[in-house]
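# Residue-level structure breakdown
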Amino acid sequence: MSNTSPVTVLGLGDMGRALAAAFLAEERATTVWNRTAAKADELISLGAVRADSVAEAVTGSPLVVVCLLDYGVVRETLEPVAGQLRGRTVVNLTNGTPSQAAEMAAWVTGHGGDYLDGGIMAVPTTVATPEAFILYSGEQRIFDTYRGVLGELGSARYLGDDIGLASLYDLALLSGMHLMFDGFHHAVAMATSQEGGSAFGFTELLVPWLTNMARLLPAFAAEVDADLTTAAEPRLTQGLDVQVSGLANIMDAARDAGVSTTPLESSMAALEALLAHGHKVWSAPASVRQLRTAP
Ligand code: FVH
């Protein structure tokens, strides 16, 4: 596909507008639609074509990129134009679950369209920058056809033809992010509990610490993989008694500082469950295995 191949963007929230602007920056003919039409105004001044209806938007391009609130809204928006999907490709970058992706793929292909599912690993300000990457899953043939166009939004990472993979990885990455931010909030609440504590100043310590810890993740992950394939004994371990006692200290200090311990309670429960299952040491494989078997 060259940049003469037009694209339609359905949904002009913060993210949809950033996606459309990225296509326009590449001088790609871009048709846009949004329920609240005024959100298209700036894009129109940049050269986008305004579609007054979803039907006009969908029929405006062979490739329709969708970024709406959720899959319910995607279905509600596309349902009235189902008959116009034949021969077109829908790339759905809306946040959703693997089963929602599978259901949407079946619905679009049932109406004669092609479907790729995606997960955006960017925020609106980083779309089309080297930081942005977008996960895709679905038929390789479809991805290959639009690889160049999609690459204008950020590095296009194809995960495979299992339609649910992009959303599974997207949500797993977001899970890691949410828990990291919970940790950040808790650490900052503790560090600023003293008069004069500065959250910004504290990040001078927190960022290098977390960066160093993040560098350990590939080694932990290799042990998780080895556990799955060969049941190899992990070597990166630490005594569970040491972990429990350290975490108890964090919780005591948090209470003394008037800070909630709620975010840490699930960590303590996980360590206690490992102890209850007869583990003497903490390891990444045991922790991951325990999460997989938890209800
Ligand atoms: N913003 C971000 O950083 C994240 C990054 C990763 C991907 N997410 C997902 O992208 C989807 C859209 O997110 P967004 O940030 O653009 O969200 P909003 O600015 O709130 O825009 C929502 C759009 O959905 C339209 N919409 C909502 N309800 C309806 C409806 N019933 N019928 C038609 N359209 C609807 C809304 O239209 P309007 O309110 O402007 O008329 C916006 O176009 C989302 O899945 C994120 O999880 C973003």
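Residues numbered from 1 in each chain as written. Predicted model: local features only at pLDDT ≥ 70, side-chain atom pairs only at ≥ 80, totals over all residues.

### Topic: the UniProt feature "domain: 6-phosphogluconate dehydrogenase NADP-binding" (unreviewed entry) in the protein
The test is simple: UniProt positions are given in the numbering used here, feature names are shortened, and annotations may be inferred rather than shown by experiment. Secondary structure elements follow DSSP: runs of H or I no shorter than four residues count as helices, runs of E no shorter than two count as strands, and numbering proceeds from the N terminus.
Under the UniProt annotation, "domain: 6-phosphogluconate dehydrogenase NADP-binding" (unreviewed entry) lies at residues 7–155. Taken end to end, residues 7–155 is 37% helix and 22% strand, and its two terminal C-alpha atoms sit 18 Å from one another.

### Thoughts on the environment of Arg-255
For the record, the criterion: Three exposure classes are used. Buried residues have 20 or more other C-beta atoms within 10 Å of their own C-beta, exposed residues have 12 or fewer, and partly exposed residues fall in between, all C-beta atoms being placed from the backbone.
Inspection of the secondary structure assignment puts Arg-255 in helix 10 (residues 240–256). By C-beta crowding, Arg-255 is classed as exposed, having 11 other C-beta atoms within 10 Å. With 72 residues separating them in the primary sequence, Arg-255 and Gly-183 have C-alpha atoms 16 Å apart.

### Here we look at the site of the ligand
For clarity, the cut-off: Near residues are defined by distance alone, with the backbone-placed C-beta atom required to lie within 6 Å of the molecule or strand. Ten residues, namely Ala, Val, Leu, Ile, Met, Phe, Trp, Tyr, Cys and Pro, are considered nonpolar, four, namely Asp, Glu, Lys and Arg, are considered charged, and the remaining ones, Gly among them, are considered polar.
With respect to spatial proximity, 21 residues lie near the ligand, and among them Gly-13, Met-15, Arg-35, Thr-36 and Asn-95 are the closest. When contributions to the shell around the ligand are tallied by element, the ones reaching two or more residues are helix 1 (14–25) and helix 4 (71–78). For the shell around the ligand, the element with the most residues is helix 1, which contributes three residues. Per-class residue counts for the shell around the ligand are nine nonpolar, eight polar and four charged.

### As for the sheet that holds strand 4 (residues 63–66)
What counts is decided by this rule: Two strands are counted as paired when DSSP detects at least two bridges linking them. Working definition of a contact: two residues with C-beta atoms, positioned from the backbone, lying within 7 Å. What counts as an axis is a line fitted to C-alpha atoms, over the stretch in contact for a helix, and the angles between N-to-C directions run from 0 to 180 degrees.
Spatial strand order, 3-2-1-4-5-6-7-8: eight strands in an open sheet with mixed pairing. If you trace the sheet from one side to the other, it starts and ends with strand 3 (49–50) and strand 8 (155–160), each paired once. One ladder, built from four bridges, connects strand 1 (residues 7–10) with strand 4; its direction is parallel. Each residue of the ladder has a partner; that of Val-9, found in strand 4, is Val-65. Against the sheet, helix 6 (residues 140–150) engages strand 1, strand 4, strand 5 (89–92), strand 6 (114–121), strand 7 (133–138) and strand 8, with an angle of about 165° to strand 7.

### Remarks on the packing of helix 11 (residues 262–276) against helix 12 (residues 284–293)
Each pair of packed helices can be summarised by the angle the axes make with each other and by the distance between the axes. Here is the rule we go by: The cut-offs work like this: below 35 degrees is roughly parallel, past 145 is roughly antiparallel, 65 to 115 is roughly perpendicular, and the gaps in between are oblique.
Running from N to C, helix 11 and helix 12 cross one another at 100°; their axes reach a closest spacing of 11 Å. In terms of axis orientation, helix 11 runs roughly perpendicular to helix 12. Taking contact as the criterion, the partners of Ala-270, Ala-273 and Leu-274 in helix 11 are, on helix 12, Ala-286, Ser-287 and Gln-290. Split into classes, the residues belonging to the contact of helix 11 with helix 12 amount to four nonpolar, two polar and no charged.

### Some details on unusual backbone geometry
Here Glu-27, not a glycine, exhibits a phi torsion of approximately 60°, which is positive. Of note in this structure, Ala-128 is not a glycine but carries a positive phi near 65°. Positionally, Ala-128 belongs in the loop between strand 6 and strand 7.

### Some thoughts on helix 7 (residues 165–191)
Rule in force here: By definition here, a helix of n residues has an expected span of 1.5 Å times n minus one.
Here helix 7 contains 27 residues, and its C-alpha end-to-end distance of 39 Å stays within 8% of the 39 Å for a straight helix at 1.5 Å per residue. Buried within helix 7 we find Leu-165, Ala-166, Ser-167, Asp-170 and Ala-187. The inward-facing, buried residues of helix 7 contact helix 5 (98–110), strand 6, strand 7, strand 8 and helix 8 (199–214).

### Some thoughts on the environment of Ala-55
Along the chain, Ala-55 falls in helix 3 (residues 54–59). Along the backbone, Ala-55 and Met-190 are 135 residues apart, and their C-alpha atoms lie at a distance of 53 Å. Not counting residues up to four positions away in its chain, the partners in contact with Ala-55 are Val-81 and Gln-84.

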